[in-house]
Amino acid sequence: MTAPPPALELRAVTKRYGTVTALGGVDLVLPRHGVLGLVGENGAGKSTLISVINGTARPTDGQILVNGRAVSLGSPSEAARAGIATVFQEQGLVANLRVYENMLLGREQQFSRAGVLGSAAMKRFARKVLGELGIVIDPDAITGELAFGERQLLEIAKAFALGHLYPVEPIVLLDEPTSALSDRETDILFESIRRWRGKASIVLVSHRLSDVFAVCDAVTTLKDGRVSGHWPITEATPDILHEAIVGRPRSAGYYKESEQRVALGDVVLSLRDVHVPGRLDGVSVEVRAGEILGVAGVLGSGKTVLGQVITGAVRPSRGEISVHGRRLTPGSRIAALSADIGSVPAERNTAGVIGMHSVQSNLVLPSLRRFRLPRLPILSSRRQAETTDRWIERLRVKTAGRTQQIRNLSGGNAQKIVFAKWLARGVRVFVLDDPGRGLDVGAKEEIYSLLRNLARENVAIVLISDNLPEVIGLSNRIITFRSGAVSAEIAAPAHDKPSETSVVTNMV
Amino acid sequence: MSQTIPHTASRPMRFSSFVSRHAVSFYPVLVILALIVFFGVQNPYFATFDNAMNIGRQSSVLLLVALAGTMVIMIGSIDLSVGSIVTLSGIVAALAIDPLGPSASVLAGIGVGLMVGFVNGMTLVTLKVPSFLVTLGMLSVLSGIANMICGGSSIMFMDQGLTELVNSELVPGLPNIILIALVTAAILTFVAFKTVLGRYLFAIGGGEVVAANAGVPVNRYKVYAFMLSGGLCGLAGVLLTSQVGAGTPAAGANMLLDSIAAIVMGGTALSGGIGGPQRTILGVLVIAILSNGMDVTEVSSFTQEVVKGLVIILAVASTIDRKKYLFIK
């Protein structure tokens, strides 16, 4: 008996955009029921590869085989019929529809009689799929009211739902599924993937090597549009993968622990007994000049609200927040700003930058009033341009110039502009929510250096993140949240970092 | 200027790529040129200086109203009450001019507009009613009030001071009404790009959350946008009344659709954040030239409506950069 053909095979797939080669002859094999990790930096070609496989982009050259049969290229509908389902990084859910409606969007005809939708059957089906995946979401809930992490899980459930509807085994492409998930949700996801192993074949695209080691049985690395390596998971190590991804060995001290400050300054930010009904329960925290305070917790634990309270986006019902001993008006963004509190939001594209505006417009926005000419309500174009060019150069932002629309920048470079917005203004307190989200390892490393520099300049930094190695590696001290309250405070000196386990045990 | 551009951008741009990058700004110009040639061939009188001034006089008020709408569309909202503000403030000015004098009537007309804008904006930000509905309701309220004041007929006045001022020429050859409209357009363009106010309006339209995070007092600036719109419509109403010589209850009736068509044709996106007053000038020119051209070539007014509607759809279809829109609603 011959071995069954692989679920998915790519042969010399090439994709050129004009003179730019996004993919240069990629060979890839996903065995039936396999879980293949696909890793690479931003721009390495991962997203292009995904769109070529699911038919949204037509390769210039090459062949794609599903279960040994060639499929026509660049046809999303044929890819769907072959069982290929994609879970996108950017969410493909309609916010005002209910969960079960989203799960079956475009497949309603199978649940309708004479044009009338069988809502009850749709709900039953949705509940069954969610139950099998171990996802606790009400099928009747409005999708837009779910937390980001829950929506991501729903999206994955949607892809798996197709497996029930088509007579083919699904090939699920997961594009950065964990980048917005809390650890608990990540666990649920990985458990589901393991449970589905005999029923689906999966490609997992991720920035996180820990994801790959947790769930994949083989890993392929991409670099500059080409496959730079392939290993069974038993033979891969983080260092091998890192080198294949970046093209050079991992630099010692990814989190720049050696630059971590030992002696800290005075208390800059202090929260005393802060309450937000149902979300924060009597939180008291102090952050010193030059300190990086890591904040860890699962989704809904209160870690995100902590950041929103400090930046004035959420008004606490009780308690006080002060900077350098001066009490802030609670719930006022303007007050927070005049105390020089800056923030890097988790959702960069909706809260961090205005994509259609130029690099310069984005960069000067928080400090716009400073660019007025003396005694005139007119903005100085020259000074805005000088400031922008200075920060582009200082942070080595890759852009065609300050007039470039920011949506044309890569995630890492756009994130640098978000930082520059506040650096140009000058901050004393910096609240960061998941600053590495969606960035590749190289860009992350630069962002980490930036944080170390800020700490050296006596900025008090609050680092909220789901990425535990990042929180542990960067912070002087870590607080963990559980149901709205601080559950532990853990010292994290450079020479004696706490283990992930010791942090996690305080989160759940 | 060229020294300050970073070297990466100073490569000579090929003409074709220059055209495609600036296509949105070019299309209205092309439409205008095509219309001028077309009507000029039909009737030689069309392409004369006299007629150019006619077009200017006919479109000055529309330009002001379209500029008003632009300031609100920039923040991603919409002001449907523009036409009814023109009507009401025109009537108030007509009533005020004899007892109070020309300057007081100008202030009264603009004051009415500012007040309406303030109410629009405050309703939007405090009651969180979408601007489309707030201003749709306001449209009806104001038309009703205007009709109640004048009982459905025009309000005449004796004092011709304002009418003379509007029609005389501070710059020889250029009627003052055109001058006022052009100067206003220039000031607003300056405000949009060179002041905190303008940049904040763009930022709110481009990304309200981002703007709020950056410390922009979003609600206050939304109210400013509606007050700007109201005030400009007030001025437009006063000018229209003095131009016509009476305050009439149907004065602003056609203004709403024409102004929105002009704004969108010019290239300001209804979703906010891009475009600006300078774009709207071109959009107004298209509509003005089209209307005037059909007048001088003696197209019947019913046919004019049909043609105008079709040209607006075609012009917008060919000018908007569809790549920027994921969805069309």
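Quick caveat: nothing in here was measured; it's all calculated off a predicted structure.

Undergrad: Account for the overall build of chain B, with residues named and values stated.
TA: Per the secondary structure count, chain B includes 14 helices and two strands. Each of the 329 residues in chain B was classed as buried or not, and the buried ones make up 50%. Considering only contacts within chain B whose residues lie at least 6 apart along the sequence, 77% involve residues at least 24 apart.

Undergrad: Which residues make up the pairing of strand E14 (residues 280-288) of chain A, and what are the values?
TA: Residues and elements named next belong to chain A. With six bridges connecting them, strand E13 (residues 267-276) and E14 associate as antiparallel partners. Counted as the bridge partner of Leu271 is Val285 from E14. Connecting E13 to the next strand, E14, in antiparallel fashion are three residues, including Gly278 with a positive phi near 75°.

Undergrad: Outline helix H14 (residues 411-425) of chain A, supporting the account with residue identities and numerical values.
TA: Residues and elements named next belong to chain A. Spanning 15 residues, H14 covers 22 Å between terminal C-alpha atoms, matching the ideal 21 Å at 1.5 Å per step. The buried fraction of H14 amounts to 13 of the 15 residues, a majority that puts the element mostly inside the structure. Note on H14: the residue one or two positions beyond its end, Gly426, has a positive phi of about 90°.

Undergrad: Give a detailed account of the packing of helix H5 (residues 102-127) of chain B against helix H6 (residues 131-150) of chain B, specifying residues and quantitative values.
TA: All names here are of chain B. Two numbers describe how H5 lies on H6: the axes approach to 9 Å, and their chain directions differ by 145°. By crossing handedness, the relation of H5 to H6 is classed as right-handed. Listed contacts from H6 to Val116, Asn120, Thr123 and Leu124 of H5 are Ser131, Val134, Thr135, Met138 and Leu142. Of the residues that constitute the contact of H5 with H6, the class distribution is five nonpolar, four polar and no charged.

Undergrad: Any chance you could break down the UniProt feature "transmembrane region" (unreviewed entry) in chain B for me, citing the residues and the numbers?
TA: Residues given the UniProt feature "transmembrane region" (unreviewed entry) here are residues 23-41, 61-94, 106-125, 132-157, 177-202, 223-244 and 250-270 of chain B. For residues 177-202 of chain B, the end-to-end C-alpha separation is 29 Å, with 96% helix and 0% strand making up the annotated structure.

Undergrad: Describe the sheet that holds strand E10 (residues 201-205) of chain A, listing the residues and the values that go with them.
TA: Residues and elements named next belong to chain A. Spatially, the six strands line up as an open sheet ordered E6-E9-E10-E3-E11-E12, and their pairing is mixed. Either end of the sheet is taken by a strand with one partner, and the two such strands are strand E6 (84-87) and strand E12 (226-232). Across the sheet, the mean angle from the axis of one strand to that of its neighbour is 20°, orientation sign disregarded. Across the sheet, helix H1 (residues 46-53) is in contact with strand E3 (35-39), E6, strand E9 (171-175), E10 and strand E11 (218-223); its angle to E9 comes to roughly 155°.

Undergrad: Describe the nonpolar core, with residues and values.
TA: The biggest cluster of nonpolar side chains holds 168 residues, and the ones touching the most others in it are Ile461(A), Val462(A), Leu463(A), Leu62(B), Leu64(B), Val65(B) and Ala236(B). Apart from residues no more than four positions distant in its own chain, Ile461(A) is found in contact with Glu291(A), Ile292(A), Leu293(A), Phe430(A), Leu432(A), Leu451(A), Leu454(A) and Ala455(A). In terms of nonpolar packing, the next biggest core, distinct from the first, is built from 72 residues, Leu130(A), Ile156(A), Ala157(A) and Val172(A) among them.

Undergrad: So what's going on with the packing of helix H8 (residues 176-194) of chain B against helix H13 (residues 277-296) of chain B? Which residues, and what values?
TA: The description of two helices packed together rests on the angle between their axes and the distance between the axes. Residues and elements named next belong to chain B. At a minimum axis distance of 8 Å, the contact between H8 and H13 shows a crossing angle of 145°. Here Ala185, Leu188, Thr189 and Ala192 of H8 come into contact with H13, specifically with Pro277, Gln278 and Ile281. Within the contact of H8 with H13, the residues separate by chemical class into five nonpolar, two polar and no charged.

Undergrad: With reference to specific residues and values, describe the sheet that holds E13(A).
TA: Reading across from one edge, E14-E13-E16-E17 (chain A) is the order of the four strands in this open sheet, with antiparallel pairing throughout. Bordering the open sheet on either side are E14 and strand E17 (326-327) of chain A, each of which pairs with just one other strand.

Undergrad: Give me the lowdown on the pairing of strand E21 (residues 477-482) of chain A, citing residues and values where you can.
TA: Residue and element names in this part refer to chain A. In this sheet, E21 lies alongside strand E15 (residues 292-296) in parallel orientation, the contact comprising four bridges. Following the sheet pairing, Gly294 is matched in E21 by Ile478. Where E21 lies against strand E22 (residues 485-491), six bridges are found, and the strand directions are antiparallel. For Ile478, the partnering residue across the bridge sits in E22 and is Ile490. What sits between the antiparallel neighbours E21 and E22 is a turn of two residues, in which Ser483 has the positive phi angle 35°.

Undergrad: I'd like to hear about the interface of chain A and chain B, residue by residue, with values.
TA: In this complex, chain A contributes 25 residues to the contact, which on the side of chain B involves 21 residues. Only helix H10 (333-338), helix H11 (348-352) and helix H13 (381-394) of chain A provide two or more residues apiece to the side of chain A that touches chain B. Classifying every residue of the side of chain A that touches chain B by side-chain character gives 15 nonpolar, five polar and five charged.

Undergrad: Can you explain the domain arrangement of chain A? Please cite residues and give values.
TA: Assigned domains within chain A: domain 1 (8-246), domain 2 (264-340 + 427-507) and domain 3 (357-426). The C-alpha-based centres of domain 1 of chain A and domain 3 of chain A are spaced at 37 Å.

Undergrad: Describe the UniProt feature "domain: ABC transporter" (unreviewed entry) in chain A, listing the residues and the values that go with them.
TA: Using the residue numbers shown here, the UniProt feature "domain: ABC transporter" (unreviewed entry) corresponds to residues 8-249 and 262-508 of chain A. Taken end to end, residues 262-508 of chain A comprises 33% helix and 24% strand; its first and last C-alpha atoms sit 30 Å apart.

Undergrad: Go over H5(B), please, and point to the residues and values.
TA: For H5(B), with 26 residues, the first-to-last C-alpha span of 37 Å sits near the 38 Å given by 1.5 Å per residue. One or two steps after H5(B), the chain reaches Lys128(B), where phi turns positive at roughly 55°.

Calculation notes
- Residues numbered from 1 in each chain as written.
- Chains lettered and ligands numbered in written order.
- Predicted model: local features only at pLDDT ≥ 70, side-chain atom pairs only at ≥ 80, totals over all residues.
- Helix = DSSP H or I, 4+ residues; strand = E, 2+ residues; numbered from the N terminus.
- Buried ≥ 20, exposed ≤ 12 C-beta atoms within 10 Å, placed from the backbone.
- Contact = placed C-beta atoms within 7 Å.
- Pairing = 2+ DSSP bridges.
- Expected span 1.5 Å × (residues − 1).
- Axes fitted to C-alpha atoms, helices over the stretch in contact; angles between N-to-C directions.
- Left-handed = near helix turned anticlockwise from the far one by under 90°.
- Nonpolar A, V, L, I, M, F, W, Y, C, P; charged D, E, K, R; others polar.
- UniProt positions renumbered as here; feature names shortened; annotations may be inferred.
- Core = buried A, V, L, I, M, F, W, Y, C linked by C-beta atoms within 7 Å.
- Domains from an automatic or database assignment.

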